[in-house]
Every structure is written in C-alpha cells, then in structure tokens.
Amino acid sequence: MTLHHLTLDHVSDDALMARLYELARSDRHTVETAQIDAEVYSRLLQTYGDAEADTARVAA
C-alpha cells in the first residue's frame, strides 16, 4: 500500500498508522515516511495540544 498519490488529509488515522508501521518495519525511511510522520504528529497536536507549552505555562 502506498499513500503518496493521495492527499494525506483525506486518509484515515488507521491507514496512516498502518503505512507508517509498514515502512518502519521494512526499515525504509523515505520522503513518504517523513510526510506521514509529519501528518501523524500534526494530528496528535490538533487532538492533544502541545504538552511542552502547557507544562511551561503551569511552571510559570
């Protein structure tokens, strides 16, 4: 399965994680890997926010 022909914002979370796992398991680190990793990270930030920024606000 490859996802590079699709826009990542139209791909489900499950499909992204499956592809990222597939690439990592095969030890293939490509542009596709970096793109999927960035999209997953972006979605995590949207869902959970930036924990480091939250920690800094609490500490201040």
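For the structure, see preceding data.
Basis of the calculations
- Residues numbered from 1 in each chain as written.
- Predicted model: local features only at pLDDT ≥ 70, side-chain atom pairs only at ≥ 80, totals over all residues.
- Heavy atoms only, no water.
- Helix = DSSP H or I, 4+ residues; strand = E, 2+ residues; numbered from the N terminus.
- Expected span 1.5 Å × (residues − 1).
- Buried < 20%, exposed > 50% of the residue type's maximum accessible area, 1.4 Å probe, protein only.
- Arc of directions from axis to C-beta.
- Contact = heavy atoms within 4.5 Å.
- Polar contact = N/O pair within 3.5 Å; in protein donor to acceptor, adjacent residues only side chain to side chain.
- Core = buried A, V, L, I, M, F, W, Y, C linked by side-chain atoms within 4.5 Å.

Peer 1: I'm lost on helix 2 (residues 31-48) in this one. Help?
Peer 2: Along an α-helix, residues three or four positions apart point the same way, because every turn accommodates 3.6 residues. End to end, helix 2 covers 26 Å across 18 residues, agreeing with the expected 26 Å (1.5 Å per residue, within 8%). Among all positions in helix 2, only Glu32, Thr33, Ile36, Glu39, Val40 and Arg43 are buried. One side of helix 2 holds all its buried residues, which, seen down the axis, span an arc of 135 degrees. In this structure, helix 2 carries Val31 and Tyr41 as exposed residues pointing more than 90 degrees from its buried face. Its buried side turned inward, helix 2 meets helix 1 (13-25). Where helix 2 begins, one side-chain oxygen reaches toward the backbone nitrogen of Glu32, 3.2 Å away; that side chain belongs to Thr30.

Peer 1: Help me out: how do you make sense of the nonpolar core in this one?
Peer 2: General note: in soluble globular proteins, nonpolar side chains tend to be found buried as a group. If you look at the biggest cluster of nonpolar residues, it comprises seven residues: Leu8, Val11, Leu16, Leu20, Leu23, Ile36 and Val40. Listing elements by their share of this core, those giving two or more residues are helix 1 and helix 2. Broken down by element, this core gets its largest block of residues, three residues, from helix 1.

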